[in-house]
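Geometric and topological summary
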Amino acid sequence: MKFQAIKGTRDFYPETMRLRNYIIDTWRRVSLRNGFEEYDAPILENLSLFTVKSGEEIAEQLFSFTDRGGRNIAMRPELTPSLARMVGAKINALPRPIKWFAVPRLFRAERPQRGRLREFFQWNIDIVGEESIQADAECIYTLIDFLREVKLTPADIQIHIGLRPAVSAMLTQYGVAEEAMDKAFLALDKKPKIPAEAFETMMTDLGLSAEQIQNITTFMDCPSEQAIQQLASIEGIDEHAENLQRLWDILTTMGVADYIRFDFHIVRGLAYYTGVVYEALAAGERAVAGGGRYDNLLQLVGGPAAGATGFGMGDVVLGILLDEKGKLPADLQSPSLDIFVIDAGENTAEAMLTLVGTLRERGLACDYSFKRAGVGKQLKEANRRGARSVVLIEQADLDAPDSLSIKTFATGSQTSMTQSEFLSSLG
RNA sequence: GUGGCUGUAGCUCAGUUGGUUAGAGCACCUGGUUGUGGUCCAGGGGGUCGGGGGUUCGAAUCCCCUCAGCCACCCCA
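The numbering scheme is per chain: residues are counted from 1 as the chain's sequence reads. Labels are handed out in written order, letters beginning with A for the chains and numbers beginning with 1 for the ligands. Confidence filtering applies because this is a predicted model: local features only for residues at pLDDT of at least 70, side-chain atom pairs given and counted only at 80 or more, and all residues used for totals across whole chains, interfaces and linings. Side-chain measures here rest on the full set of heavy atoms in the structure, leaving out hydrogens and waters.

**Let's talk about the domain arrangement of chain A**
It is common to report an interface's size as the accessible area lost on association of the parts. For chain A, the assigned domains read domain 1 (14-324) and domain 2 (334-425). For the domains described, the bounds stem from an automatic or database domain assignment. Centre-to-centre separation of domain 1 and domain 2, based on C-alpha positions: 51 Å.

This is how it looks when you write it as C-alpha cells:
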C-alpha cells in the first residue's frame with residue numbers, strides 16, 4: 001500500500017464513523033438540553049492568535065504554514081482564542097447569558113500516544129460574561145449530565161475539583177516564594193502520580209523546610225468531605241471558600257454531587273485559570289475532560305474584559321474509556337434500516353421500486369437489493385443490512401388483497417396486507 | 001525532542017535448529033439448503049512475510065539501515 005493516513009490521524013470507516021457520530025450527537029444533544037447554543041470558527045486562524053496567548057513556543061506544537069501572501073496560518077490547536085475573537089467582535093450585541101458550545105476538529109503536532117492524536121474532536125462548553133460560581137456549576141452540571149447520558153457512573157469517573165487561588169494562597173502561607181509558584185504548582189500536579197519522596201525532593205529544591213512541606217502535604221491530602229472547612233485555615237480567601245460551598249450546594253441540589261470531589265492537586269498546567277479548575281478522571285486514563293474559570297483570558301487574546309468559564313472534552317480518551325467500560329451502545333455494531341423491501345412475486349420488480357420510493361418519501365430509511373435473487377438471499381441481505389423489518393411484495397398490484405407481507409425480524413412474526421393498509425399502519 | 005517494544009491476508013495470529021508453490025480462524029464475495037433471515041455446508045478472491053541492502057546454494061527466519069505502528073517521558077491549550 002503506497003499511501004496511508006497521516007501520522008496521528010484516523011480514517012473513519014462506517015463502523016468507526018458510527019462511534020464518532022454517537023459521541024458527537026450525544027455532546028450536541030446534552031449541550032442543547034442544558035441551554036447551550038452551538039457556534040464554530042474556521043479551522044485555519046492566524047498563527048499569532050495562538051502565540052499571543054501561549055508564547056512563541058506554542059508554534060512548535062501546532063501545524064502551521066505560510067500562505068501565498070506570506071501570512072502565517074495555523075491549524076487551530078484549540079478553540080478558545082477563536083471564541084474570544086468572536087465574542088470580542090460582537091460583545092455588545094450578543095444576548096446574555098452567553099452559553100455556547102462547539103465540537104471543533106483540532107490539530108496538534110505532538111507525538112501520538114494512548115489517548116492523544118494529532119487530529120481529534122473536542123467538545124467545548126463555555127459561559128462568557130458571568131462572574132458568579134453559578135456559571136461554573138452550570139458547566140460542571142452539563143459535564144455530569146453527559147457522563148450520565150453515556151452511562152458512565154460515579155464509580156467509573158469522578159470530577160476532581162480544585163480551587164487555584166486557594167492553593168496559591170496556601171502555598172504562599174506555607175512559605176513558597178512568588179517566583180517558585182509555577183514549579184510548586186507543577187509539583188502538586190504530579191504529586192498523585194509520583195512517590196512521596198520524589199514530591200518532597202521537588203519541594204525541598206524550592207527552598208522549603210521539612211515542616212513547610214509537611215503543612216502543604218497535610219493540606220493537599222485532606223479528604224474531599226473536609227476540603228471546604230479546611231480552607232478557613234488559609235488567610236484571605238473567604239470569598240473563594242464561599243464560592244466552593246455554593247458550588248457544592250448547587251450540585252447537591254441538582255442531584256449530581258456523587259460525581260464530584262474536591263481535590264486541590266488539580267491545578268491544570270497553564271497559569272491563566274483564576275478560579276475553580278477541574279478534571280474528569282477515570283482510573284488509569286489521562287483526563288477525559290478538563291476546564292475551569294479563566295477571567296482574564298479573553299482580554300489577553302485581544303477579546304473583551306469579560307469573565308469566562310468552561311471545559312473541553314476530547315473524543316479520543318472518551319472513546320477508549322467507553323470501549324473499555326463496555327458502555328458503547330450495542331446498535332453501533334451494525335448499520336440500521338427501518339425497512340428492507342423484497343421483490344418476492346412474479347413481475348414485482350417495478351412495484352418494489354414504487355414502494356421504496358413511497359417509503360423514502362415518508363422519511364423512512366429504506367433499501368432493497370440490487371440483485372434479482374431468491375427470497376432467501378434477499379432476506380439474508382436484509383438481515384446483514386440491519387433492517388428492523390422487511391416488506392415482501394407478493395403481487396405487482398399493491399392494492400390487491402395480501403399484496404404485501406410484513407415481517408419483523410426481532411419477533412419473526414409476519415402478516416399480510418395491502419399497501420394502503422401498510423402505509424396507514426406506519427402512522 | 002528522548003527512550004522502549006512491535007511489524008506475516010482487512011482483523012487476530014501460526015510458521016519447527018534458515019530448506020519445495022507461506023497457513024488457520026474471523027471478515028468479505030459466490031453458490032447450495034430448489035419462496036423466508038441469524039445457523040449450517042461448499043467454493044473463491046486477497047499476502048513481492050513493512051521497505052531497502054547484506055550473509056548464504058537457499059531468508060518470513062540471521063545481520064545492518066530505514067519506514068511505520070504502539071507505549072512511556074517532555075508537554076498537555
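Following the structure, the description resumes.
**Some remarks on the protein's contact with RNA strand B**
For RNA strand B, the set of nearby residues contains 33 residues, the closest of which are Glu78, Arg111, Arg116, Glu394 and Phe409. In the interface set of RNA strand B, defined as its atoms within 4 Å of the protein, sugar plus phosphate atoms amount to 40%. Polar contact criterion, stated in full: a pair of N or O atoms within 3.5 Å, where within protein one must be able to donate a hydrogen and the other to accept it, and residues adjacent in sequence count only if both atoms are side-chain atoms. Separating a phosphate oxygen of RNA strand B from a backbone N or O atom of Arg114 is a distance of 2.9 Å. Contacts to RNA strand B include Glu394, whose side-chain N or O atom sits 2.5 Å from a base nitrogen. Gly falls in the polar group here, along with every residue not listed as nonpolar (Ala, Val, Leu, Ile, Met, Phe, Trp, Tyr, Cys, Pro) or charged (Asp, Glu, Lys, Arg). Of the residues that constitute the surface near RNA strand B, the class distribution is nine nonpolar, seven polar and 17 charged. Definition of nearness: a residue and a molecule or strand are near each other if at least one heavy atom of the residue lies within 4 Å of the molecule or strand.

**As for the sheet that holds strand E16 (residues 404-408)**
The strands making up a sheet associate through backbone hydrogen bonding, with each pair oriented either parallel or antiparallel. What makes two strands pair is DSSP finding at least two bridges between them. Every helix listed is a DSSP run of H or I at least four residues long, and every strand listed is a run of E at least two residues long, numbered separately from the N terminus. Read across the open sheet, the five strands follow the order E14-E13-E15-E16-E17; overall the sheet is mixed. At either margin of the open sheet sits one strand with a lone partner, and together these are strand E14 (366-368) and strand E17 (414-417). Direction aside, neighbouring strands of the sheet carry axes that sit 25° apart on average. Relative to strand E15 (residues 387-393), strand E13 (residues 337-343) is paired through six bridges, and the arrangement is parallel. The partner of Val341 across the bridge, within E15, is Val391. In this analysis, two residues are considered to be in contact whenever any of their non-hydrogen atoms come within 4.5 Å of each other. Only C-alpha atoms enter the line fits that serve as axes; for helices the fit covers just the stretch in contact. Angles between N-to-C directions range over 0 to 180 degrees. Helix H14 (residues 375-384) rests against E13, E14, E15 and E16 of the sheet, and its axis sits at about 165° to E13.

**Points about the sheet that holds strand E2 (residues 44-46)**
Strand order in the open sheet formed by three strands is E2-E4-E3, and the pairing between neighbours is antiparallel. The two strands at the open ends of the sheet, each matched to only one other strand, are E2 and strand E3 (64-66). Pairwise comparison of adjacent strand axes, ignoring direction, gives a mean angle of 35° for this sheet. Two elements, E2 and strand E4 (residues 72-75), share three bridges in a ladder whose sense is antiparallel. When the bridges of E4 are listed, Asn46 appears paired with Ile73. Here helix H2 (residues 47-54) sits on the sheet in contact with E2, E3 and E4, set at roughly 60° to E2.

**Considering the pattern of salt bridges**
Salt bridges are counted wherever a side-chain nitrogen of Lys or Arg sits within 4 Å of a carboxyl oxygen of Asp or Glu. Taken as a whole, this structure holds 25 salt bridges when the rule is applied. A salt bridge links Arg114 to Glu324, with the nearest nitrogen and oxygen atoms 3.0 Å apart. Of the two residues, Arg114 is situated in the loop between strand E6 (105-107) and strand E7 (119-128) and Glu324 in helix H12 (residues 315-324); the sequence distance between them amounts to 210 residues. Since its relative accessible area comes to 45%, Arg114 is described here as partly exposed. Here's how the labels work: a residue is buried when its accessible area is under 20% of the maximum for its type, exposed when over 50%, partly exposed in between, all with a 1.4 Å probe on protein chains only. Residue classification places Glu324 among the exposed residues on the basis of a relative accessible area of 54%. One connected set of salt bridges, linked through shared partners, spans Arg29, Arg33, Asp145, Arg148 and Glu149.

**What to know about the pairing of E13**
In terms of burial, E13 is a largely internal element, six of the seven residues being buried. Inspection of the sheet shows E13 paired to E14 by three bridges, in the parallel sense. When the bridges of E14 are listed, Val341 appears paired with Tyr368. Looking down the strands as they point away from the viewer, one classifies a crossover as right-handed if the path from the first strand across the helix to the second runs clockwise. Running through helix H13 (residues 349-361), the crossover from E13 to the neighbouring parallel element E14 is right-handed.

**So, H2**
Burial analysis of H2 places six of its eight residues in the buried class, the great majority of the element. Listing the buried residues of H2 in full gives Leu47, Leu49, Phe50, Thr51, Lys53 and Ser54. Against E2, E3, E4, helix H3 (80-90) and helix H11 (297-300) lie the buried residues of H2. A positive phi of about 90° marks Gly55, the residue just after H2.

**Examining the layout of surface pockets**
Lining residues are defined by having an atom within 4 Å of a point belonging to a cavity or pocket. Those points lie on a 1 Å grid over the protein atoms alone, cavities being sets where a 1.4 Å probe fits but cannot get out and pockets being open sets with protein on both sides within 12 Å along at least five of seven lines. Grid points are joined across faces, edges and corners, and a volume is the space filled by probe spheres set on the points. Each pocket or cavity is described by its volume, and for the largest pocket that value is around 1700 Å³. Lining the largest pocket we find 50 residues, and of these Arg108, Arg116, Gln122, Arg268 and Glu279 sit closest to its centre. Elements that contribute at least two residues to the lining of the largest pocket include exactly H2, E7, strand E10 (276-281), strand E11 (289-293), strand E12 (308-314) and H12. Looking at side-chain class alone, the lining of the largest pocket contains 21 nonpolar, 14 polar and 15 charged residues. The calculated volume of the second largest pocket comes to roughly 270 Å³. In terms of lining residues, the second largest pocket is bounded by 14 residues, among which Arg10, Leu19, Val316, Gly319 and Ile320 are the most central. Residue assignment for the lining of the second largest pocket shows that the elements contributing at least two residues are helix H1 (14-33) and H12. Partitioning the lining of the second largest pocket into residue classes produces seven nonpolar, two polar and five charged.

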